[in-house]
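# Fold and contact review
Below, each chain spelled out in residue letters.
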Amino acid sequence: MAEETTPRIAIVTGASRGIGAGIAVALAKQGRHVVLMARNVDKLNEVAAAITASGGKASVAACDVADHTALAAAIEAVADQHKRLDILVNNAGITRDNLMLRMSDDEWDSVLNTNLRAVFVACRAAVRPMMRGKWGRIVNIGSTSGLMGNAGQANYAAAKAGVVGLTKTIAREMASKGITANVVAPGFIDTDMTGVLPQQIKDLAIEHTPAKRMGRADEIAAAVAYFTSEEAGFTTGQVVAVDGGMTMY
Ligand code: NAI
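Overview of the structure. These figures come from a predicted structure and were not determined experimentally.

## A word on the pattern of salt bridges
Applying the stated criterion to the full structure yields eight salt bridges. Between Glu230 and Arg8 there is a salt bridge, with the nearest N and O atoms lying 2.7 Å from each other. Remark: Arg8 occurs in the loop between helix H1 (2–5) and strand S1 (9–13) and Glu230 occurs in the loop between helix H10 (217–227) and strand S7 (239–242); sequence separation between them is 222 residues. Overall, Glu230 belongs to the partly exposed group, its relative accessible area being 35%.

## Some remarks on the environment of Ile138
One can find Ile138 in strand S5 (residues 136–141). Sequence separation between Ile138 and Ile23 is 115 residues; the distance between their C-alpha atoms is 13 Å.

## Side note on the side chain of Thr209
You can see Thr209 is positioned in the loop between helix H9 (199–207) and H10. In contact with Thr209, not counting residues within four places along its chain, are Asp243, Gly244 and Met246.

## Topic: the pairing of strand S2 (residues 33–38)
Consecutive side chains of a regular strand alternate in pointing toward one face of the sheet and then the other. Burial of S2 is extensive: six of the six residues sit out of reach of the surface. Side chains of S2 alternate between two faces, with His33, Val35 and Met37 and Val34, Leu36 and Ala38 buried alike. As defined by bridge partners, S1 adjoins S2 across five bridges and the pair is classed as parallel. Following the sheet pairing, Ala10 is matched in S2 by Val34. Assessed by its sense of winding, the connection that carries the chain from S1 through helix H2 (residues 18–29) to S2 is right-handed. Two elements, S2 and strand S3 (residues 57–62), share six bridges in a ladder whose sense is parallel. Residue pairing for S3: Val34 is matched across the bridge by Ala58.

Criteria and cut-off values
Residues numbered from 1 in each chain as written. Predicted model: local features only at pLDDT ≥ 70, side-chain atom pairs only at ≥ 80, totals over all residues. Heavy atoms only, no water. Salt bridge = Lys/Arg side-chain N within 4 Å of Asp/Glu carboxyl O. Helix = DSSP H or I, 4+ residues; strand = E, 2+ residues; numbered from the N terminus. Buried < 20%, exposed > 50% of the residue type's maximum accessible area, 1.4 Å probe, protein only. Contact = heavy atoms within 4.5 Å. Pairing = 2+ DSSP bridges. Right-handed = clockwise from strand over helix to strand, strands pointing away.

Next up, the structure:
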């Protein structure tokens, strides 16, 4: 009953579309009040409206996660406003693909800033209010590229591998405080991010996926919803690949 009057507060970054929007919908179905974070307020409002139309609770906080000062401030503002922060899902991410020999420092820096440093900054800002509440769930979105490497993605694979090390460290530091931290590593998922890839690359990725298809955002969201559930309090420092079998060995 307490859950109904004071829902747990969940921040989902990159919630304006794709996997992030799917995660926001799934968490709202769990009864969480979801705070949607991304840069495009109009798109965020659309996702929030869809959630509230189906009886869920959602609000919007526009933020560029690559602006690390603004990101920390936005997370602190959510915690102050609701007087709690329970769940953080770091999902916002970008690609700037290039073969390593041709990759510019700028391509490296922009991906590391958005996909790794922002995750560290967001986690650091979120654990303080979580510690006050003696409960927290952090889920960071990795990638199979971070587990296996991927030609053309030195920056992205390094950032996503970094997310694994960061998350396991947070899990160790925070386990005794009731805060868990886990990684969901998607395989090849049908979103705008992969929509821009040439058909031949898509065919190759599907060929390397035992399930012989792309995954869907709601299939990633289901794994995130487990890690953020009340029941998952003893599950921490784990990496679950939701990838149609691509990385199994
Ligand atoms: P997408 O490109 O469709 O959506 C990315 C989201 O992140 C958007 O809401 C975008 O606005 C937001 N975002 C990007 N940069 C931002 C910034 N600086 N500040 C605030 N928001 C920002 O991508 P998709 O496919 O939904 O990916 C979501 C996550 O899943 C990413 O971390 C991605 O790396 C990861 N992933 C995706 C895979 C796929 O096959 N689609 C595979 C493995 C991992």
